[in-house]
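Listed below, chain by chain, are the residues.
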Amino acid sequence: MNHLDETDNSNGRPIISAKPLTLPAPGRATDLQVKVSAPTQGQDLPIILFSHGFGSNFDGYGPLIDYWAAHGFVVVQPTYLDSRRIGVPPTDTRAAQLWRYRVEDAKRVLDNLDVLEAAVPGLSGRMDRGRIAAVGHSFGGQTSGVLLGLRVLAPAGEGEDMSDSRVRAGILLGTAGAGEGNLADGVIDKLPWLNVSFAHMTAPVLVVAGDHDQSLLTVRGPDWSEDPYTLSPGPKSLLTVFGAEHSLGGIPGYDAKETTDENQDVVDFLQSFTLAYLRHALGINDADWSSARIELQQNAQPLGKFESK
């Protein structure tokens, strides 16, 4: 059955993961390492290009990656240059452009889907390249956002359009908000890519923000993470998760030390809610998305609130 069983609300099907898959990356000083996870059954499988947060790697975010793969998606995870496994020092000439290397790596993945598909046992001929979503957490949310139309302004960028038409929709999880006038003192000097514009991010996107995600990067409150929704044109959706901090209940990993908050109920909720959105945004199934929103609205003790435009 295409996309596995679109009405399956169980724990999903068995998955296979392959790592490390290596893509040559001239000019990067080190080849790009990639992990691919996919269900062992199913045809015409849609694709998620997942971007990790600053310092993480392709082994992170298992609670989401494994769930999406078990429910019918091929999930591709690059390890970006900012990963602690690579250890690019602040004095390295690449450091000020880490955001740009991320976008180039993401596009390198999309350019080499055939190579990655052939490298995973049993995956050949089963991927649907017409249904690709970009999903990312924290810095990875910005990376995904760039593919969807977000623009990085000076001093790190020139406001150029680096979006990719192969990506149809996305989910931004705990992503930084607007830059100029919103950042704490000295942040722009250390992280110059945080000066961004969402005005051209026109693709369908679900923004997920924790209402207790108080970042030291901004002079504002947790609503800063809602900017990708507030400051971009539609069609957009916003899920604000009650009580969640930057890790949104623990999505960075099953035992990740960078987890700021742990709440399995929130993780379970995000698994099913994001899956429903992805199926909707990629034109697979609208019924689950409708049900997820109704259930949230009618819940006497909801884990979050939802709005769209």
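The residue numbers shown here count from 1 along each chain, following its written sequence. Given that the model is predicted, a residue must reach a pLDDT of at least 70 before its local features are reported, and side-chain atom pairs must reach 80 or more before they are shown or counted; all residues, however, enter totals for whole chains, interfaces and linings. As a rule here, side-chain values cover all heavy atoms of the structure and leave hydrogens and water aside.

Student: Would you take a moment to explain the pattern of salt bridges for this structure?
Tutor: Think of it this way: side chains of opposite charge can pair up when their charged atoms draw near. The term salt bridge refers to a pairing of a side-chain nitrogen on Lys or Arg with a carboxyl oxygen on Asp or Glu at a separation within 4 Å. What the rule picks out here adds up to 16 salt bridges. Between Glu117 and Arg129 there is a salt bridge; the shortest N-O distance is 3.1 Å. Taken together, the positions of Glu117 in helix H3 (residues 113–119) and Arg129 in strand E5 (residues 127–137) put the pair 12 residues apart, joining distant regions of the chain. We call a residue buried when its accessible area falls under 20% of the maximum for its residue type, exposed when it is over 50%, and partly exposed in between, using a 1.4 Å probe and counting protein chains only. For Glu117, a relative accessible area of 9% corresponds to the buried category. Helix numbers and strand numbers start at the N terminus; a helix is a DSSP run of H or I with at least 4 residues, a strand a run of E with at least 2.

Student: Help me understand the packing of helix H1 (residues 62–70) against helix H7 (residues 264–281) in this model?
Tutor: Helices that pack against each other are described as a pair by the angle of their axes relative to one another and the distance between those axes. Between the N-to-C directions of two axes lies an angle of 0 to 180 degrees, each axis being a line fitted to C-alpha atoms and, for a helix, fitted only over the stretch in contact. Two elements in contact, H1 and H7, have axes separated by 10 Å at closest approach and are oriented at 45°. Between H1 and H7, the interaxial angle falls into the category oblique. Judged by the twist between their axes, the crossing of H1 over H7 is right-handed. Across the interface between the two elements, Pro63, Leu64, Tyr67 and Trp68 of H1 pack against Val267, Gln271, Ser272, Thr274, Leu275 and Leu278 of H7. For the contact of H1 with H7, a count of residues per class yields 7 nonpolar, 3 polar and no charged. Comment on the angle field: the value is read as roughly parallel under 35 degrees, roughly antiparallel over 145, roughly perpendicular from 65 to 115, and oblique elsewhere. By definition, turning the near helix anticlockwise from the far helix through less than a right angle yields a left-handed crossing, and turning it clockwise yields a right-handed one. In this description, contact between two residues means that some pair of their heavy atoms is separated by no more than 4.5 Å. Note that Gly is not counted as nonpolar here; it falls among the polar residues with everything else outside the nonpolar set of Ala, Val, Leu, Ile, Met, Phe, Trp, Tyr, Cys and Pro and the charged set of Asp, Glu, Lys and Arg.

Student: Please clarify how the side chain of Glu226 should be interpreted in this entry.
Tutor: As for its placement among the helices and strands, Glu226 is situated in the loop between strand E9 (205–210) and helix H6 (227–230). When charges are tallied, Lys and Arg are placed among the positive residues and Asp and Glu among the negative ones, while His and the ends of the chain are skipped. Buried within the structure, Glu226 lacks any salt-bridge partner; its nearest side chain of opposite charge belongs to Lys305, at an N-O separation of 5.6 Å. If sequence neighbours within four positions are ignored, Glu226 has contacts with Ala209, Leu238 and Thr240.

Student: Please explain the sheet that holds E9 as it appears in this structure.
Tutor: Working definition: the strands of a sheet are paired by backbone hydrogen bonds and lie parallel or antiparallel to each other. In space, the 9 strands of this open sheet follow the order E1-E2-E4-E3-E5-E7-E9-E10-E11, with mixed pairing throughout. The sheet terminates laterally at strand E1 (15–23) and strand E11 (304–308), the two strands that pair on one side only. Averaged over all adjacent pairs, the angle separating strand axes in this sheet is 20°, with direction ignored. Bridge count for strand E7 (residues 169–173) against E9 is 4 bridges, and the pairing is parallel. Residue pairing in the sheet places Leu173 in a bridge with Val208 of E9. Strands were regarded as paired on the criterion that DSSP finds at least two bridges between them.

Student: Would you take a moment to explain unusual backbone geometry for this structure?
Tutor: Look at the link from Lys19 to Pro20: it is a cis peptide, with omega at -15°. Considering the arrangement of structural elements, one finds Pro20 in strand E1. Residue Pro235 follows Gly234 across a cis peptide bond; omega there is 0°. Take Pro235: it is sitting in the loop between H6 and strand E10 (236–241). Positive phi values are uncommon outside glycine, yet Tyr61 reaches one of about 65°.

Student: Would you mind showing me how to read the nonpolar core here?
Tutor: General note: in soluble globular proteins, nonpolar side chains tend to be found buried as a group. By nonpolar core is meant a set of buried Ala, Val, Leu, Ile, Met, Phe, Trp, Tyr and Cys residues that side-chain atoms within 4.5 Å join together. In this structure, Val34, Val36, Val74 and Val109 are the most contacted members of the largest nonpolar core, which totals 54 residues. Formed by 36 residues, the second largest nonpolar core is a distinct cluster that contains Ala133, Val135, Leu248 and Leu296.

Student: When you look at helix H2 (residues 98–111) in this model, what are you seeing that I'm missing?
Tutor: Note: α-helices contain 3.6 residues per turn, so residues at a spacing of three or four share the same orientation. To estimate the expected span of a helix, subtract one from its residue number and multiply by 1.5 Å. The terminal C-alpha atoms of H2, which comprises 14 residues, lie 20 Å apart, in line with the 20 Å expected from a rise of 1.5 Å per residue. Listing the buried residues of H2 in full gives Leu98, Trp99, Tyr101, Arg102, Val103, Asp105, Ala106, Arg108, Val109 and Leu110.

Student: Please clarify how the pairing of E10 should be interpreted in this entry.
Tutor: Look at any regular strand and the pattern is simple: side chains alternate between the two faces of the sheet. Along E10, 6 of the 6 residues are buried, which leaves the element largely enclosed by surrounding structure. The two faces of E10 match: Lys236, Leu238 and Thr240 on one face and Ser237, Leu239 and Val241 on the other face are all buried. In terms of strand pairing, E9 meets E10 through 6 bridges, oriented parallel. If you follow Gly210 over to E10, its bridge partner there is Val241. Where E10 and E11 come together, 5 bridges link them in antiparallel fashion. Across the sheet, residue Thr240 finds its bridge partner in E11, namely Lys305.

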